[in-house]
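These are the residues of each chain, in order.
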Amino acid sequence: MITFTPKHFAGRDEAIAQINESGLYLAEAEISQDGLTSDAHVHPYQVDIYLLDGVLELDEPDAGQRHVLKAGSKAVVPSGTLHAETCPGRFHAVFGVSVDPVPIMAVRASEAPSRP
């Protein structure tokens, strides 16, 4: 089950400090809808999302929940949690990931359609 906390942190430095204290790997990205997996899916690692700017919606079909993250919100998506992600524009976030995110990001980049 996703844990959602609005107004959890005050800014990027505080979010990064919390990620470092938790022992998770740090990743940061600006993402638009075409960079998201809007179909319900699971992954074998935990992701803590600290939203810095924009809006991110996390749907949790098994729980019948929709979490709307805005700046300062934190969501924890445990390993194996079925969820879908959407956003109305772009968002900027830092992520705490329970596994090294570099290979994950490399796979996503290789799946991206080539641009002429």
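Criteria and cut-off values
- Residues numbered from 1 in each chain as written.
- Predicted model: local features only at pLDDT ≥ 70, side-chain atom pairs only at ≥ 80, totals over all residues.
- Heavy atoms only, no water.
- Pairing = 2+ DSSP bridges.
- Helix = DSSP H or I, 4+ residues; strand = E, 2+ residues; numbered from the N terminus.
- Axes fitted to C-alpha atoms, helices over the stretch in contact; angles between N-to-C directions.
- Contact = heavy atoms within 4.5 Å.
- Buried < 20%, exposed > 50% of the residue type's maximum accessible area, 1.4 Å probe, protein only.
- Arc of directions from axis to C-beta.
- Core = buried A, V, L, I, M, F, W, Y, C linked by side-chain atoms within 4.5 Å.
- Polar contact = N/O pair within 3.5 Å; in protein donor to acceptor, adjacent residues only side chain to side chain.

Draft legend 1. Region of interest: the sheet that holds strand β1 (residues 3-5). Pairing in this open sheet of 5 strands is antiparallel, and the strands run β1-β6-β3-β8-β2 from one edge to the other. Edge positions in the open sheet fall to β1 and β2 (25-32), since each of these has one partner strand only. Averaged over all neighbouring strand pairs, the angle between strand axes comes to 20°, with direction disregarded. Here β2 pairs with strand β8 (residues 90-97) via 8 bridges, running antiparallel. The residue bridging S32 from the neighbouring strand is R90, located in β8. Sitting on the sheet, helix α1 (residues 12-22) touches β2, β3 (47-54) and β8, and the angle it makes with β8 is about 25°.

Draft legend 2. View of α1. If you check which residues of α1 are buried, you get A15, I16, Q18 and I19. Taken around the axis of α1, the buried residues stretch over an arc of 160°, which confines them to a single face. Away from the buried face of α1 by more than 90 degrees, exposed residues D13, N20 and E21 are located. Next to the buried residues of α1 lie β2, β3 and β8.

Draft legend 3. Inspection of the nonpolar core at higher detail. Core analysis: the largest hydrophobic core is formed by 19 residues, its most contacted members being I49, L56, L58, L69, F91 and F95. A total of 4 residues in this core trace back to one element, the largest contributor, which is β8. In this structure, L58 is in contact with I2, I49, Q65, R66, H67, L69, A75, V77, A84 and E85, ignoring residues within four places of it in sequence.

Draft legend 4. Highlighting unusual backbone geometry. Not every positive phi belongs to a glycine, and K7 is a case in point at roughly 50°. With respect to the element layout, K7 can be found in the loop between β1 and α1.

Draft legend 5. Main features of the environment of E60. Its location among the elements puts E60 in strand β4 (residues 56-60). Using a relative accessible area of 3% as the deciding quantity, one classes E60 as buried. Along the backbone, E60 and H41 are 19 residues apart, and their C-alpha atoms lie at a distance of 9.8 Å. If we skip the residues at most four places from it in the chain, E60 touches M1, I2, Q65, H67, T81 and L82. A polar contact is formed between the side chain of E60 and the side chain of H67, at a distance of 3.2 Å.

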